[in-house]
Amino acid sequence: MADKTASKYLINLEKQFAAADPVLQKTARLFQELDQIEFDMGLIDSEESTARKTTWWPVISTLGGYSPAKSDFLARYLNSPLHTVRHKFTVLQYTPQAAGATLPGTALDADHRLPFYRIGQAMEQVLPGEGGKLNGHLELVTVNSSKLKGKLVIDTPVLSNTTENAVTAMLRKYVLDISDLVLVFTDLFEADAELNKAALTEIVAQQDSNKFVFVIDHSEIGLDPAKSQDIANAWQRRLAELGIHTGQFVVLSQNSDGAALDQRIANLASDRSYRVLATLQDSIRAIDDVILPEVEASLTTWKERCNATTLIVLGFIIMLALFAEIAVGILELIFDPIIGPAIAIALIALLTPMHLIVSRVHAKFIVKQLHKRQKQLNLTEDLAALFEKSQSFWRMLLPITDPVGKNKKTARSWPV
């Protein structure tokens, strides 16, 4: 099979982490091996890479209710005024320019280096028509703050009855999934129960990831360490009643130095490495658990339809032969040592190309279904391409339903 040229994206990642992070450098090479396997199977093209399934930036996200605690904290932490809107998912990125800029959500959807790459497809699956409204949900804001160097911050929108819908819930879940650190401001739990229900469910589901820091904002008053601990303990008990039993608690006050948050943020690079490795493992599992079974099921359906059509045609030919036997008597010709084999050869010569034509016709319908299924599963891999690659001449004729690449040799070559 042809060797896939390493994508420029992976080459740049490998160079970037050559000295700074040997683990991620090795991970980039493993992604390249996975790319080769998926390329051989027809799942990706020569310019695509499975490494684009997650952002390689360390990611901090914020989650809060309707109070200004979240936005005030970001302005203080970045030491820069933020001109953002409260109803969008805002990605904050460092810029050396003195003046920042605001870019539309389409910039995030189109840039594979940033979060929300191709997110419009997922939005369209959740709610038809929303995929074309990226700019109403997302924005990218560049900020001249040294605190943002080498990392990204995603500020999630405040909870509101007017903006909450299935797409917002999906985007918030996506942000929590890709985040290495989530700052959860406790005013979230004081919002309407229906509004924070989805967010609470995700926090409970992901609480063992050790990515959550619960921020209790009392920045307008001074608190001694003992009082801050009492407040943290009270919130810990309150959240335990909601099913949240893990996570760090930080109380912000006029005299707090923020050392606990600074320490967590300093460990972001390590957290990011584990997340990227987890993405690699998930991509490998997805081939065995999702991609191959989907294509195999389609191949089985395709085979059944093709064989049924061919049997119908064969039955029609047999019926004509029976009528001919009744009318003129041709049975002795079938058993003739010379004419009989000739009839059999002619029948095979007729049915073989007919079966191939029938197979190609049925395949077109299956391909359309696989395109829809790929969007439903939100996969970047091309299921239809693997299906079409599994339609060689002999695969059409023989009862083979395993997709190309489903074998022990491929399984042994998975990156580990």
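In short, a report on the structure. (Residues numbered from 1 in each chain as written. Predicted model: local features only at pLDDT ≥ 70, side-chain atom pairs only at ≥ 80, totals over all residues. Heavy atoms only, no water.)

1. Examining the layout of surface pockets
Next, step 1: Taken as a whole, the largest pocket spans an internal volume of roughly 1,100 Å³.
Next, step 2: Along the wall of the largest pocket there are 37 residues; nearest its centre are K53, T54, Y174, I178 and T279.
Next, step 3: Counting only elements with at least two residues in the lining of the largest pocket, the list comes to α5 (119-126), α6 (166-178) and α10 (268-327).
Next, step 4: Among the elements that line the lining of the largest pocket, the one with the most residues is α10, at 9 residues.
Next, step 5: Grouping the amino acids of the lining of the largest pocket by side-chain chemistry returns 15 nonpolar, 10 polar and 12 charged. (1 Å grid on protein atoms, 1.4 Å probe; cavity = no way out; pocket = protein on both sides within 12 Å on 5 of 7 lines; lining within 4 Å. Points joined across faces, edges and corners; volume = space filled by probe spheres on them. Helix = DSSP H or I, 4+ residues; strand = E, 2+ residues; numbered from the N terminus. Nonpolar A, V, L, I, M, F, W, Y, C, P; charged D, E, K, R; others polar.)

2. Quick notes on empty space enclosed by the protein
Gaps left between atoms show up when a probe the size of a water molecule is rolled over them.
Next, step 1: Counted under the stated rule, the structure contains 1 cavity of 30 Å³ or more.
Next, step 2: For the largest cavity, the calculated volume is near 40 Å³.
Next, step 3: Taken together, I60, T62, F73, L74, Y77, V153, L183 and I265 form the lining of the largest cavity.
Next, step 4: Only β1 (59-63) and α3 (69-78) provide two or more residues apiece to the lining of the largest cavity.

3. Quick word on the pairing of β1
Every regular strand shows the same layout, with side chains that alternate between the two sheet faces.
Next, step 1: A large share of β1 lies buried, amounting to 5 of its 5 residues.
Next, step 2: Burial along β1 is two-sided: V59, S61 and L63 facing one way and I60 and T62 facing the other are all buried.
Next, step 3: When β1 meets strand β5 (residues 152-155), the two strands line up parallel, connected through 4 bridges. By the bridge assignment, T62 is partnered in β5 with D155.
Next, step 4: With 4 bridges connecting them, β1 and strand β6 (residues 181-185) associate as parallel partners. Residue pairing for β6: T62 is matched across the bridge by L183. (Buried < 20%, exposed > 50% of the residue type's maximum accessible area, 1.4 Å probe, protein only. Pairing = 2+ DSSP bridges.)

4. Remarks on the packing of aromatic side chains
Next, step 1: Counted according to the given criterion, the structure contains 11 aromatic pairs.
Next, step 2: Measuring from ring centre to ring centre gives 5.4 Å for F116 and Y174, while their planes differ by 45°; the resulting arrangement is tilted. Highlighted residues: F116 in the loop between α4 (105-110) and α5 and Y174 in helix α6, separated in sequence by 58 residues.
Next, step 3: Under the relative-accessibility criterion, F116 is labelled buried at 0%.
Next, step 4: For Y174, a relative accessible area of 21% translates into the label partly exposed.
Next, step 5: Members of the aromatic cluster, connected to one another through ring pairs, are F189, F212, F214, W235 and F249.
Next, step 6: Of note, R86 hangs over the ring of Y66, and the distance from its end group to the ring centre comes to 4.8 Å.
Next, step 7: The ring of Y77 carries K147 above its face, with NZ or CZ at 4.3 Å from the centroid. (Phe/Tyr/Trp six-rings, centres within 6.5 Å; stacked < 30°, edge-to-face > 60°. Lys NZ or Arg CZ within 6 Å of the ring centre and 35° of its normal.)

5. Regarding helix α9 (residues 259-266)
Next, step 1: Of the positions making up α9, those classed as buried are L261, R264 and I265. All buried residues of α9 fall inside an arc of 100° around its axis, so they share one side. (Arc of directions from axis to C-beta.)

6. A word on the packing of α6 against helix α7 (residues 193-206)
Next, step 1: Packing of α6 against α7 brings their axes to within 10 Å, and their N-to-C directions diverge by 25°. Overall, the two elements α6 and α7 adopt an arrangement that is roughly parallel. The two elements α6 and α7 cross, and the hand of that crossing is right-handed. Between α6 and α7, the contacting residues are A169, R172, K173, L176 and D177 on the first element and A198, A199, E202 and Q206 on the second.
Next, step 2: In terms of residue class, the contact of α6 with α7 is built from 4 nonpolar, 1 polar and 4 charged. (Axes fitted to C-alpha atoms, helices over the stretch in contact; angles between N-to-C directions. Parallel < 35°, antiparallel > 145°, perpendicular 65-115°, else oblique. Left-handed = near helix turned anticlockwise from the far one by under 90°. Contact = heavy atoms within 4.5 Å.)

7. Some thoughts on the sheet that holds strand β4 (residues 138-143)
Next, step 1: What the 8 strands build is an open sheet, ordered β3-β4-β2-β5-β1-β6-β7-β8; its pairing is mixed. The outermost strands of the open sheet, each flanked by one partner alone, are β3 (102-104) and β8 (248-253). Pairs of neighbouring strands in the sheet enclose a mean axial angle of 25°, with direction left out of account.
Next, step 2: Across the sheet, α7 is in contact with β1, β6 and β7 (212-218); its angle to β7 comes to roughly 130°.
Next, step 3: Along the sheet, helix α8 (residues 225-241) contacts β7 and β8; its crossing angle with β8, the most-contacted strand, is approximately 135°.

8. Focus on α3
Next, step 1: Of all the residues in α3, the buried ones are A69, K70, F73, L74, Y77 and L78. Summarising the axial view, the buried residues of α3 lie within an arc of 145°, below the 170-degree limit, and thus occupy one face.
Next, step 2: Directly beyond the C-terminal end of α3, a positive phi value near 55° is found at N79.

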